[in-house]
Amino acid sequence: MAKFVATDYKITLNGTNLSTSLASVELPIEIGEQDTTAFGSTWRTRIAGLKSGSITLEFLQDFGAGSVDATLFPLLGTNGTVVVTPTSSSVSATNPSYTGEFLITQYSPFASTVGDLATLSVTWPLTGALTRATA
């Protein structure tokens, strides 16, 4: 896959495809740094520490059966498996999937102003490893 416009992401939560109810996704992955500078050094030295991540999802709110509210509300306070792929095509070397278990720490069923599209945004921390698959 070459450069592309983000129009066809596939995002599932515990196997439920929520792609058509999402307007954006962000999956930052970070590695902590540990300072290893010793006395006598004039430059800092560092090594990689622990990895961490989170996911931010912006939903278009939907109260229909099997949709946003029905999926998210019961998961509050539990872990959920999220899978993100760049397109809805099969997972491959050019369409990798990223899978992680996230702690569902927040959900705001109502986050809109009068006359606006009903949306909500959540950010959940990764708990454990994030895996990248190409098959």
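Below is a short write-up of the structure. Keep in mind that this is a model prediction, so the values were computed, not measured.

**Details of the nonpolar core**
1) Next: Core analysis: the biggest nonpolar cluster contains 18 residues, and Leu57, Phe59, Leu72, Val82 and Trp124 have the highest contact counts within it.
2) Next: Breaking this core down by element, the ones donating at least two residues are β1 (10-13), β5 (46-60), α1 (68-72), β6 (79-85) and β8 (119-125).

**Quick notes on the side chain of Ser19**
1) Next: Within the fold, Ser19 resides in the loop between β2 (16-17) and β3 (22-26).
2) Next: For Ser19, the side chain forms a polar contact with the main-chain oxygen of Tyr9, separated by 3.4 Å.
3) Next: From its side chain, Ser19 meets the backbone nitrogen of Ile11 in a polar contact 2.8 Å long.
4) Next: In contact with Ser19, other than residues within four places in its own chain, are Tyr9, Lys10 and Ile11.

**Notes on the pattern of salt bridges**
1) Next: The full count for this structure, using the stated rule, is 2 salt bridges.
2) Next: Salt-bridge contacts for Glu33 lead to Arg46; the nearest nitrogen and oxygen are separated by 2.7 Å. With Glu33 in strand β4 (residues 29-35) and Arg46 in strand β5, this residue pair connects regions lying 13 residues apart in the sequence.
3) Next: For Glu33, a relative accessible area of 54% gives the class exposed.
4) Next: For Arg46, a relative accessible area of 46% puts it in the partly exposed group.
5) Next: Across the salt bridge formed by Arg44 and Asp35, the nearest N and O atoms sit 2.6 Å from each other.
6) Next: On the accessibility criterion, Asp35 (43% relative accessible area) is partly exposed.

**Looking at the pairing of strand β7 (residues 97-103)**
1) Next: Bridge count between β6 and β7: 6 bridges; the pairing is antiparallel. Following the sheet pairing, Thr81 is matched in β7 by Glu101.

**Thoughts on the side chain of Ser67**
1) Next: Note that Ser67 resides in the loop between β5 and α1.
2) Next: Beyond its immediate stretch of four places on either side in the chain, Ser67 contacts Leu18, Ser21 and Asp62.

**Describing unusual backbone geometry**
1) Next: Of note, Asn14 is a non-glycine position whose phi angle comes to about 50°, a positive value.
2) Next: By secondary structure assignment, the location of Asn14 is in the loop between β1 and β2.
3) Next: Residue class for Asn14 comes out partly exposed when judged on its relative accessible area of 41%.

Parameters and conventions
Residues numbered from 1 in each chain as written. Predicted model: local features only at pLDDT ≥ 70, side-chain atom pairs only at ≥ 80, totals over all residues. Heavy atoms only, no water. Core = buried A, V, L, I, M, F, W, Y, C linked by side-chain atoms within 4.5 Å. Buried < 20%, exposed > 50% of the residue type's maximum accessible area, 1.4 Å probe, protein only. Helix = DSSP H or I, 4+ residues; strand = E, 2+ residues; numbered from the N terminus. Polar contact = N/O pair within 3.5 Å; in protein donor to acceptor, adjacent residues only side chain to side chain. Contact = heavy atoms within 4.5 Å. Salt bridge = Lys/Arg side-chain N within 4 Å of Asp/Glu carboxyl O. Pairing = 2+ DSSP bridges.

Functional significance is not addressed by these values, which are geometric in nature.
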